[in-house]
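# Summary of structural features
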Amino acid sequence: EMEKTLAIIKPDGLIGNYTDDIKRTIVEYGFSIFKEKIVQLDQATVEKFYAEHSSKCFFSRFIKYMTSGPVLVMVLEKDNAIADWRALMGPTDASKAKITHPHSIRAKCGLDIERNCVHGSDSPKSAQREIPFFFQELSADVIGEHD
Ligand code: CMP
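Residues numbered from 1 in each chain as written. Predicted model: local features only at pLDDT ≥ 70, side-chain atom pairs only at ≥ 80, totals over all residues.

Let us look at helix α5 (residues 81–89). Restricting attention to buried positions, one finds in α5 the residues A81, I82, W85, R86, L88 and M89. Projected onto a plane normal to the axis of α5, the buried residues spread over an arc of 160° and lie on a single side. In the stretch just after α5, G90 is the one whose phi turns positive, near 90°. (Buried ≥ 20, exposed ≤ 12 C-beta atoms within 10 Å, placed from the backbone. Helix = DSSP H or I, 4+ residues; strand = E, 2+ residues; numbered from the N terminus. Arc of directions from axis to C-beta.)

Next comes the structure, spelled out in structure tokens:
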């Protein structure tokens, strides 16, 4: 079934010039880039988008990281896009990914558990929230897509 997911290339990805590599991988693996834009996140937006992590001990440092430079936000489309994009990204901890998933994007572009270079929606429910969070014009589209 055709599916959309929200992907973000985080500040370390953009600053490290990994964007072209990551986009080439995305297209190679059969995703189409349905929407994309570069955004400079601020503290309030990070707090809202990552609300579920707001009580974690790493959150204030995470805000600094996510606001340290622009991010590239994309809507990717493909059969099974949500699970396939997460598989392509690799595990959250990029330093472990280098050992266990050496071909994953996080292994190649990320550094550690925080600076892991990319984000992807973790479920259809998350995708339904995250896509219109950044692309309001897709609200109706996303609601109509499931159930
Ligand atoms: P992501 O899974 O996209 O969303 C939550 C982010 O918080 C995660 O990527 C990491 O960038 C960061 N994160 C998760 N766990 C930790 C941790 N233990 N320490 C620091 N950052 C973390």
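Moving on from the coordinates now.
The next thing to look at is the environment of E47. The topology assignment puts E47 in helix α3 (residues 43–49). For the pair E47 and F62, spaced 15 residues apart in sequence, the C-alpha to C-alpha distance is 9.9 Å.

Next up on the list: the UniProt feature "binding site: ATP" (unreviewed entry) in the chain. UniProt's entry tags K10, F58, R86, T92, R106 and N116 with the feature "binding site: ATP" (unreviewed entry), counted in the numbering of this structure. Among the structural elements, K10 can be located in the loop between β1 (2–9) and α1 (11–15). In contact with K10, not counting residues within four places along its chain, are M66, V71, C117, V118 and H119. Classification of F58 by C-beta neighbours within 10 Å gives exposed; the count is 11. (UniProt positions renumbered as here; feature names shortened; annotations may be inferred. Contact = placed C-beta atoms within 7 Å.)

If you walk across this open sheet you meet the 4 strands as β2-β3-β1-β4, and the pairing is antiparallel. Single-partner strands in this sheet number two, and they are β2 (32–39) and β4 (118–120). Sheet twist, expressed as the average angle between the axes of neighbouring strands with direction ignored, equals 20°. Of the pairings in the sheet, the one linking β2 to strand β3 (residues 71–79) comprises 7 bridges and is antiparallel in character. Residue pairing in the sheet places I33 in a bridge with L76 of β3. Packing of helix α8 (residues 124–134) onto the sheet brings it into contact with β1 and β3, and relative to β1 it is tilted by some 60°. (Pairing = 2+ DSSP bridges. Axes fitted to C-alpha atoms, helices over the stretch in contact; angles between N-to-C directions.)

The next point concerns the confidence of the model for the chain. Averaged over every residue, the pLDDT of the chain is 95; residues scoring 70 or more account for 96%. Note on the complex model: pTM 0.94, ipTM 0.93. (pLDDT = per-residue confidence, 0-100.)

Turning our attention to α8. Every buried residue of α8 is accounted for by A127, E130 and I131. Along the long axis of α8, the arc covered by the buried residues comes to 100°, so they all point the same way.

With that out of the way, let us pick up the environment of D20. With respect to the secondary-structure elements, D20 resides in helix α2 (residues 19–28). By C-beta crowding, D20 is classed as exposed, having 8 other C-beta atoms within 10 Å. In this structure, the C-alpha to C-alpha distance between D20 and A140, residues 120 residues apart in sequence, is 30 Å.

Ranked by size, the top nonpolar core spans 33 residues in total, and within it I8, L76 and V118 carry the most contacts. Looking at this core, the elements with two or more residues in it are β1, α2, α4 (59–66), β3, α5, α6 (94–100), α7 (105–109) and α8. The greatest single-element share of this core, amounting to 6 residues, is contributed by β3. For L76, the contacting residues outside a window of four places in its chain are K4, T5, A7, I26, F31, I33, F34, A81 and W85. (Core = buried A, V, L, I, M, F, W, Y, C linked by C-beta atoms within 7 Å.)

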